[in-house]
Amino acid sequence: MAGLATTFGSGAMTNNVKDIGNAACILSIGSNTTAAHPIIGFEVKQAVRRGAKLIVVNPREIALVKHAHLWLRLRPGSDVALIMGMARVILEEHLQDDTFILERCRDFDAFKESLTEFPLDKVEQITGIPKELIKEAARLYATVKPATILYTLGITEHVHGTDGVMSLANLAMLTGNIGKPGTGVNPLRGQNNVQGACDLAALPGNLPGYQPLNSPEVIKKFEDAWGCTLNTKPGLALTEMYGVTGNSGIKAMYLVGEDPVLSEPDMNHTLSTLRGLDFLVVQDIFLSETAKEAHVVLPAAGFGAEDGTYTNTERRVQRVRKAIPPPGEAKPDWEIICLVAQKMGKPGFNFTGASEIWDEIARLTPSMAGISYERLEKGGLQWPCPTPDHPGTPILHSAVFTCGEGKFQPLKYKLPAELPDSTYPLILTTERSLFHYHTGTMTRRVPGLNKLRKEELVEINPEDALALAISDGEMVTVYSRRGHVTARAKVTEVSPPGVISMTFHFAESPTNILTNTAWDPIAKTPELKFCAVRVEKAKEAIKA
């Protein structure tokens, strides 16, 4: 989300989930919303039933397509070209919001000049979308107001992911679709507290509340509060930690609630990195594939056995209340961390409950200073919430952007890192199933969910299946430059010709053996949505 953070300040949803219903036009791009975010998918369908126009941009014929007024079936990895092409149409047809641009934005002229690189004939060639359809989508988004943008990892998990987010920010500012009900640029978070993790400094260059490490005032505040001297050098991003360059310099890892063996690209490389560590600690609620590699496993309590807060995709801080005792020797995550710190002789970890930790967060984090457990007993609050009488902020950037003026970004089209060739002629893109969650560490333990989806499927277009003499339900092996995986073929027109799709929920068929470690140079997000593969009949069929 780094691109959005640069423009709008935080990389969070600018609006909220219920506000989707206020949109007259919804642009859903790089998101299989009904599968990955079913509650939000329901809100989108409800908005369409009430008359909202829906534009779906996705290479795959996802479920939302049947509710869409326009479906733009672009080639994987061509999002930036499409959005910049739409922006060019909006300017050429004088559909931009000149007042908004003049009063609230900067660097517009440089952005406008960069659009000369995106004539529609070229955009059509790159994306595979007819230029008349691109024009229709641009007109719809620019004129049917208010208009909102929803996006997920289909935008960000590319080597040009930051550019993808920037292009969406450009589009919203160009049309004045920001800071008002029914508008916004809204990244839909993939896990329940990923927003909260980012908010509280699980990013290498920030302290809690996105307070920068390079600010002397911020550093002094935290050093005074914590009674220590802080290292102001930004840490490594997640992808850097696994030493893709072979020289990360990390000798030990302490992983909390993370299963990188299944979730990170190039599984063989990830395993090699973890096995090369001097010391690996994994803290989790189940023995994940990564925990099996650990020197020490610390059993953590699940959500129903601990107190605390989660911050959801719309920046809403919500209470979590302990309903049952932790099983066996398991403890809440915060308590385990405090016990480890105390054993290391570190002061400041003598909390007796999660509420005390929140009190410290509120004292040190201006955007959350007005949030307390007492207030959260009455319901969640959306940050920024700077004072105890502040109601929270459902819509960001209403009067001014967090960083002052909205900055237009000139952009160029960049190719994916790895293109199909004669040896690997197909594109693999990854997605999530409605029935399983992330690496499947939790949901694969639910018999009912396994009945709904029991195994990995290689979704392949009938045209490609026919060329390869592959039948529906047949076992196939998918090869990339990094390894191979065997799974069952599902012949379906949901996948376009030349593209196969797989999830990453199944340890028996670990898709991320195949994926590429190339990453976006700014956000350091790996290109999990695009790598070159080939598909063959499996030499040894796996039992059904």
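That block above? That's the structure.
Draft legend 1. Seen up close, the overall build of the protein chain. Across its full length, the protein chain carries 20 helices and 21 strands. Relative to a compact globule of 544 residues, whose C-alpha radius of gyration would be 24 Å, the protein chain shows 24 Å and is just as compact. Principal-axis analysis of the C-alpha atoms places the extent of the protein chain at approximately 65 × 65 × 45 Å. Counting the 544 residues in the protein chain, one finds 53% classified as buried. In the protein chain, once contacts between residues fewer than 6 apart in sequence are set aside, the share between residues at least 24 apart is 70%.

Draft legend 2. Spatial organisation of helix 15 (residues 267-275). For helix 15, the full list of buried residues reads Met267, Thr270, Leu271, Thr273 and Leu274. The buried side chains of helix 15 occupy one side of the element, clustering within an arc of 160° when seen end-on. The exposed residues of helix 15 that point more than 90 degrees off its buried face are Ser272 and Arg275. Of the surrounding secondary structure, the elements contacted by the buried residues of helix 15 are helix 13 (238-241), strand 9 (252-256), helix 14 (260-263) and strand 10 (279-284).

Draft legend 3. Representation of the environment of Pro425. Tracing the sequence through the fold places Pro425 in the loop between strand 15 (406-407) and strand 16 (426-430). As a C-alpha pair, Pro425 and Leu27 span 398 residues in sequence and 31 Å in three-dimensional space. In this view, Pro425 contacts Pro420, Val533 and Arg534; residues no more than four positions away in its chain are not counted.

Draft legend 4. How the structure looks around unusual backbone geometry. A cis amide bond links Lys145 with the next residue in sequence, Pro146, at an omega value of 0°. Its location among the elements puts Pro146 in the loop between helix 8 (131-143) and strand 5 (147-151). Between Trp383 and Pro384 the backbone carries a cis peptide bond, its omega angle lying at 0°. Mapped onto the secondary structure, Pro384 falls in the loop between strand 14 (381-382) and strand 15. A positive phi is found at Asp107, a non-glycine position, where the angle reads about 60°. Along the chain, the position of Asp107 falls in the loop between strand 4 (105-106) and helix 6 (108-114). Look at Ala469: it is not a glycine, yet its phi comes out positive at around 55°. Inspection of the secondary structure assignment puts Ala469 in the loop between helix 20 (462-467) and strand 18 (475-479). Assessed through its relative accessible area of 46%, Ala469 is described here as partly exposed.

Draft legend 5. Spotlight on the sheet that holds strand 16. Pairing is mixed in the closed barrel, where six strands are placed in the order 16-20-17-19-18-21. Mean inter-strand twist for the sheet, computed between neighbouring axes without regard to direction, equals 45°. For strand 18 and strand 19 (residues 484-491), the ladder comprises five bridges, and the chain directions are antiparallel. Looking across to strand 19, one finds that Met475 is bridged to Arg488.

Draft legend 6. Region of interest: the pairing of strand 18. Within strand 18, five of the five residues are buried, which leaves it mostly tucked inside the rest of the structure. Neither face of strand 18 is open: one carries Met475, Thr477 and Tyr479, the other Val476 and Val478, and all of them are buried. Linking two consecutive strands that pair antiparallel, namely strand 18 and strand 19, is a turn of four residues. Examined bridge by bridge, strand 18 and strand 21 (residues 531-537) share four bridges and lie antiparallel to one another. Of the residues in strand 21, the one forming a bridge with Tyr479 is Arg534.

What counts, and where the lines are drawn
Residues numbered from 1 in each chain as written. Predicted model: local features only at pLDDT ≥ 70, side-chain atom pairs only at ≥ 80, totals over all residues. Heavy atoms only, no water. Helix = DSSP H or I, 4+ residues; strand = E, 2+ residues; numbered from the N terminus. Rg over C-alpha atoms; globule rule 2.2 N^0.38 Å. Buried < 20%, exposed > 50% of the residue type's maximum accessible area, 1.4 Å probe, protein only. Contact = heavy atoms within 4.5 Å. Arc of directions from axis to C-beta. Pairing = 2+ DSSP bridges. Axes fitted to C-alpha atoms, helices over the stretch in contact; angles between N-to-C directions.

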